[in-house]
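Breakdown of the fold
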Amino acid sequence: MVKIYAISDIHGYLDEFIEALNKIDLSDKHSRLILLGDYIDNGPQSFEVLSKIIELEKIFPEQIVTLLGNHEEWFYDWLILDKPTASAFPETINSFFSTDELNYILKSNPNNFETGVRNEIRTNAKFIPFINWFQKRYEDSRYFETENQIFVHAGIDEANKLWKDLTSPEMFTNKFPLTTGRFYKDIISGHVASWEVAKNKSYLGEIYHDSKSHYFIDGDVMNSKKIPVLCYDTITKKYYFL
């Protein structure tokens with residue numbers, strides 16, 4: 001039975017990510033897993049989460065869709081651009097190195113530790129596969145569309161069916177405030193705490209449906225310690241929260 005799964009806002013929490021993955025069955029070659037972005041920052045294992053995603057893409061090359069969120073865009077700005085305007089989260093920097101490696105970089109760059117770390121990630125051979133992957137994903141679309149849904153990190157311009165032309169690049173990953181209500185396709189997103197949209201704390205770690213066209217996958221794993229999974233059965237056309 002073909003299913004579409006969606007996960008969002010892993011934020012460096014590897015154990016919670018693995019727990020969510022254990023609920024997903026990709027044995028049917030037509031089933032898909034849509035990752036909605038914000039894989040890094042806040043949690044202690046951002047690099048490990050990214051490495052797990054790269055591994056999943058290799059195991060299921062036609063079944064994993066990896067969208068970037070605003071946190072990946074910030075990290076790309078800091079890491080890849082020649083003149084970065086963003087900064088990196090300390091937790092994310094730490095996840096790339098051992099304590100000894102960080103101490104060595106600090107001693108080598110006592111006046112500019114952040115630049116030393118950035119250069120090490122950019123030039124160290126062991127990070128080349130990640131850099132190549134990151135640059136490729138950065139060029140990918142920020143949404144994934146099916147017959148019935150639009151999967152996106154934050155949101156789209158819902159003025160009319162011309163959303164592909166009207167949505168600014170920033171809105172796909174940074175839309176706020178979020179929109180609820182009826183649209184001609186279901187919109188599945190993350191980006192924020194679902195309980196804030198629902199105005200109900202019971203949605204911490206859960207998925208909120210506005211009873212119309214919007215599904216908000218909770219983005220507050222730091223407090224919930226849970227990454228909910230949205231599942232859509234393409235045969236029955238029903239949603240399940242795992």
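This report concerns the structure included in the present document. From a predicted model like this one, the values you see are computed outputs, not experimental measurements. (Residues numbered from 1 in each chain as written. Predicted model: local features only at pLDDT ≥ 70, side-chain atom pairs only at ≥ 80, totals over all residues. Heavy atoms only, no water.)

**Some details on the pairing of strand β10 (residues 238-241)**
Each regular strand carries side chains that alternate between the two faces of the sheet. Inspection of the sheet shows strand β9 (residues 230-233) paired to β10 by four bridges, in the antiparallel sense. Each residue of the ladder has a partner; that of L230, found in β10, is F241. Linking β9 to β10, which pair antiparallel, is a turn of four residues; within it K237 sits at a positive phi near 60 degrees. (Pairing = 2+ DSSP bridges. Helix = DSSP H or I, 4+ residues; strand = E, 2+ residues; numbered from the N terminus.)

**Structural notes on the side chain of R118**
Its location among the elements puts R118 in helix α6 (residues 113-123). The buried charged residue R118 lacks any salt bridge partner; its closest oppositely charged side chain belongs to D82, at an N-O distance of 5.3 Å. Apart from the residues within four sequence positions on either side, R118 is in contact with W78, L79, L81, D82 and P84. (Buried < 20%, exposed > 50% of the residue type's maximum accessible area, 1.4 Å probe, protein only. Lys, Arg positive; Asp, Glu negative; His and termini not counted. Salt bridge = Lys/Arg side-chain N within 4 Å of Asp/Glu carboxyl O. Contact = heavy atoms within 4.5 Å.)

**What to know about helix α3 (residues 70-80)**
With respect to burial, α3 is a largely interior element, 10 of its 11 residues being buried. When we look at burial in α3, the residues that qualify are N70, H71, E72, E73, F75, Y76, D77, W78, L79 and I80. Residues of α3 that are buried sit in contact with α4 (90-95), α6, α7 (128-139) and α9 (169-174).

**What to know about the pairing of strand β5 (residues 149-152)**
Along β5, one buried face is formed by Q149 and F151 and the opposite face, lined by I150 and V152, is buried too. Inspection of the sheet shows strand β4 (residues 143-145) paired to β5 by three bridges, in the antiparallel sense. Residue pairing in the sheet places E145 in a bridge with I150 of β5. If you look at the hairpin formed by β4 and β5, you'll find three residues sitting between the two strands.

**With respect to the packing of aromatic side chains**
All chains considered together, the criterion is met by 24 aromatic pairs. Residues F75 and F134 carry aromatic rings whose centres are separated by 6.0 Å and whose planes lie at 35 degrees to one another, so their mutual orientation is tilted. Residue F75 is located in helix α3, and its partner F134 is located in helix α7; the two are separated by 59 residues in the primary sequence. We classify F75 as buried; its relative accessible area is 3%. According to the relative accessible area criterion, F134 is buried, its value standing at 2%. Judged by centre distance (4.9 Å) and plane angle (75 degrees), the ring pair of Y143 and W163 falls under edge-to-face. You can see Y143 sitting in strand β4 and its partner W163 sitting in helix α8 (residues 163-166), a full 20 residues away along the chain. We classify W163 as buried; its relative accessible area is 0%. Connected via pairs of aromatic rings, a cluster forms that spans F47, F75, Y76, W78, F96, F97, F127, F130, W133, F134 and Y138. Above the ring of Y184, the side-chain terminus of K161 is found at 4.9 Å from the ring centroid. Above the face of the W195 ring, K201 is positioned so that its terminal group lies 4.6 Å from the ring centre. (Phe/Tyr/Trp six-rings, centres within 6.5 Å; stacked < 30°, edge-to-face > 60°. Lys NZ or Arg CZ within 6 Å of the ring centre and 35° of its normal.)

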